[in-house]
Amino acid sequence: MKEFGYQRVFDVSGALALLDADPDARFLGGGTNLVDLMKAGVERPARLVDVRELPLDRIEPTADGGLRIGATVTNSDLAAHPEVRRRYPALAQAVLAGASGQLRNMATVGGNLLQRTRCGYFTDVTRPCNKRTPGSGCPAVEGEHRNHAILGASGHCVAVHPSDMAVALTAFDAVVSYETTDGPGALPLSEFYLPVGGTPHLETALPQGALITGVTLPPAPIAAVSRYRKVRERASYAFAIGSVAAALDVRDGVIQDARLAFGAVASRPWRARSAERTLTGARADGETFAAAADAELAAAKPLPHNGYKVTLMRNLVVAVLTELSEEAAR
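Nothing here was measured: the structure is a model prediction, and the numbers come from that model.

## Observations concerning the overall build of the protein
And step 1. A count of helical and extended segments in the protein gives 13 helices and 12 strands.
And step 2. The C-alpha atoms of the protein give 20 Å as radius of gyration, which agrees with the globular expectation for 330 residues (20 Å, within 12%).
And step 3. Per-residue burial over the protein gives 52% buried out of 330 residues.
And step 4. Relative to all contacts within the protein whose residues are 6 or more apart in sequence, the contacts with residues 24 or more apart total 63%.
And step 5. Counting every atom, the protein has about 14,500 Å² of accessible surface; 50% of that belongs to carbon and sulfur.
And step 6. Distance between charge centroids for the protein: 4 Å, based on 35 positive and 35 negative side chains.

In structure tokens:
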């Protein structure tokens, strides 16, 4: 591992000043992703600026009835918070599905959003990778891609985003707040992650040197009846091969509103807008749920060895929406 400097900070302005003075520095939260990548030689920061002691560790209601989640809130505290569990249960379920207890105790909300891909070619510095070295190629396209993207990919990169938490946040229109030396800013999570296109090394729309300070969930009564379901290759801690965050508002058997996002199928959490449009105003039954899944997955472009994900996601969508509609009917 390359030698690096380390400095702990206690205020946002101090953190920003350190990164502004050293472009090769990186913010350090729980380190559950960054430190692993440093060990592998993928990340080589000159300095780590430890932001864990910043006063950004609270979960608070907003004036309009939403929730604001500080960037240094741990995943464990987020999943256990009573208001998160009551008002956004799919978010709590996603966090609990995302990692082992030990990792959740360390990982932070801000760091979770900034996770890098877990593609084996990305983490192997002896192999080419457009995310790591732009223009070097994507060996996954013709190589090992069983768990890779079926939506929104390109010939330059077919990796998937690994976060479970971000899938639930995407379904409920979360907004990411950040600070820069020029002042504060905010990005809807739907715009936070960049399309992979021909520049897969550019992953987020955050300005250079920006520090995530929190995530705001707008009021969403529909989220109170929501689910997150994750399929993985083993029952214990593992990354998803497909996941769904969903919520339904059903009255008299008719769907008034729907929220749906997919995980582990694209380079970013995938908001299923076509499926939502198909669901809204339709009968809450298996035929509708299958039609909604098909509407979204019509855009899928699987590779030779990951076509199974299309069927997997269709079945998962139908199963989760059926659960929610049955709960609404009780």
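## Some remarks on the sheet that holds strand β6 (residues 175-180)
And step 1. An order of β4-β5-β8-β6-β7 is seen for the five strands of this open sheet, with the pairing classed as antiparallel. Where the open sheet ends on each side, the last strands, each with one partner, are β4 (59-61) and β7 (183-188). Across the sheet, the mean angle from the axis of one strand to that of its neighbour is 25°, orientation sign disregarded.
And step 2. Two strands pair when backbone bridges link them, and strand β5 (residues 67-70) and strand β8 (residues 211-217) are joined in this way by four bridges, in the antiparallel orientation. From the neighbouring strand, Leu67 faces β8, where its bridge partner is Leu217.

## Describing empty space enclosed by the protein
And step 1. For the structure on display, the rule yields two cavities of 30 Å³ or more.
And step 2. Each pocket or cavity is described by its volume, and for the largest cavity that value is around 140 Å³.
And step 3. For the largest cavity, the lining is made up of 17 residues, of which Lys131, His161, Pro200, Glu203 and Ser267 are closest to its centre.
And step 4. Grouping the constituent residues of the lining of the largest cavity by class yields nine nonpolar, five polar and three charged.
And step 5. Each pocket or cavity is described by its volume, and for the second largest cavity that value is around 80 Å³.
And step 6. Broken down by class, the residue content of the lining of the second largest cavity amounts to 10 nonpolar, five polar and one charged.

## As for the packing of aromatic side chains
And step 1. Tallied over the entire structure, the rule returns two aromatic pairs.
And step 2. Seen in terms of ring centroids, Phe192 and Tyr193 are 4.9 Å apart; in terms of plane orientation they differ by 90°. Their pairing is edge-to-face.
And step 3. The exposure class assigned to Tyr193 is buried, which follows from its relative accessible area of 6%.

## Things to note about the UniProt feature "domain: FAD-binding PCMH-type" (unreviewed entry) in the protein
And step 1. Per the UniProt annotation, the sites labelled "domain: FAD-binding PCMH-type" (unreviewed entry) are residues 1-222.
And step 2. Taken end to end, residues 1-222 comprises 29% helix and 17% strand; its first and last C-alpha atoms sit 47 Å apart.

## Some details on unusual backbone geometry
And step 1. A positive phi angle is found at Asp173, which is not glycine, with a value near 60°.
And step 2. As for its position among the elements, Asp173 is in the loop between α9 (165-171) and β6.
And step 3. Its relative accessible area of 31% is what places Asp173 among the partly exposed residues.
And step 4. Of note, Asp252 is a non-glycine position whose phi angle comes to about 55°, a positive value.
And step 5. Relative to the helices and strands, Asp252 resides in the loop between β10 (240-251) and β11 (254-263).
And step 6. Exposure remark for Asp252: the relative accessible area of 76% places this residue in the exposed category.

## Overview of the sheet that holds strand β2 (residues 25-28)
Strand pairing in a sheet is mediated by backbone hydrogen bonds. Such pairs are either parallel or antiparallel.
And step 1. Here we have three strands laid out as an open sheet, ordered β1-β3-β2, and parallel in their pairing. Sheet topology places β1 (5-8) and β2 at the edges, where each strand pairs with a single neighbour. Neighbour-to-neighbour, the strand axes of this sheet turn through a mean angle of 25°, independent of strand direction.
And step 2. Packed on one face of the sheet, helix α1 (residues 12-21) meets β1, β2 and β3 (47-50) and runs near 150° to β2.

## Points about α1
And step 1. For α1, the full list of buried residues reads Val12, Ala15, Leu16, Leu18 and Leu19. Projected down its long axis, α1 shows its buried positions confined to an angular sector of 160°, all on one face. Exposed side chains of α1 directed beyond 90 degrees from the buried face belong to Ser13, Asp20 and Ala21.
And step 2. Contact partners of the buried residues in α1: β1, β2, β3, β6 and β8.

## Here's the deal with a nonpolar patch on the surface
And step 1. Nonpolar side chains collect at one region of the surface, where Met1, Phe4 and Tyr6 lie side by side and expose about 330 Å² of accessible area between them.
And step 2. Turning to its location among the elements, Met1 is positioned in the segment before β1.
And step 3. Residue Met1 is classed as exposed on the basis of its relative accessible area, which comes to 58%.

## Quick look at the pairing of β10
And step 1. Burial analysis of β10 places 11 of its 12 residues in the buried class, the great majority of the element.
And step 2. Bridge count for strand β9 (residues 226-232) against β10 is seven bridges, and the pairing is antiparallel. Bridged to Tyr228 within β10 is Ala245.
And step 3. As defined by bridge partners, β10 adjoins β11 across nine bridges and the pair is classed as antiparallel. The residue of β11 that forms the bridge with Arg251 is Val254.
And step 4. With antiparallel pairing between neighbouring strands as the criterion, β10 and β11 make up a hairpin whose turn holds two residues, including Asp252 at a positive phi of roughly 55°.

Here is what the cut-offs are and how they apply
- Residues numbered from 1 in each chain as written.
- Predicted model: local features only at pLDDT ≥ 70, side-chain atom pairs only at ≥ 80, totals over all residues.
- Heavy atoms only, no water.
- Helix = DSSP H or I, 4+ residues; strand = E, 2+ residues; numbered from the N terminus.
- Rg over C-alpha atoms; globule rule 2.2 N^0.38 Å.
- Buried < 20%, exposed > 50% of the residue type's maximum accessible area, 1.4 Å probe, protein only.
- Contact = heavy atoms within 4.5 Å.
- Areas by Shrake-Rupley, 256 points an atom, 1.4 Å probe, with all protein chains shown as cover.
- Lys, Arg positive; Asp, Glu negative; His and termini not counted.
- Charge placed at Lys NZ, Arg CZ, Asp CG, Glu CD.
- Pairing = 2+ DSSP bridges.
- Axes fitted to C-alpha atoms, helices over the stretch in contact; angles between N-to-C directions.
- 1 Å grid on protein atoms, 1.4 Å probe; cavity = no way out; pocket = protein on both sides within 12 Å on 5 of 7 lines; lining within 4 Å.
- Points joined across faces, edges and corners; volume = space filled by probe spheres on them.
- Nonpolar A, V, L, I, M, F, W, Y, C, P; charged D, E, K, R; others polar.
- Phe/Tyr/Trp six-rings, centres within 6.5 Å; stacked < 30°, edge-to-face > 60°.
- UniProt positions renumbered as here; feature names shortened; annotations may be inferred.
- Arc of directions from axis to C-beta.
- Patch = residues over 30% accessible without salt bridge, like charges linked within 9 Å, V, L, I, M, F, W, Y side chains within 5 Å.
- Salt bridge = Lys/Arg side-chain N within 4 Å of Asp/Glu carboxyl O.

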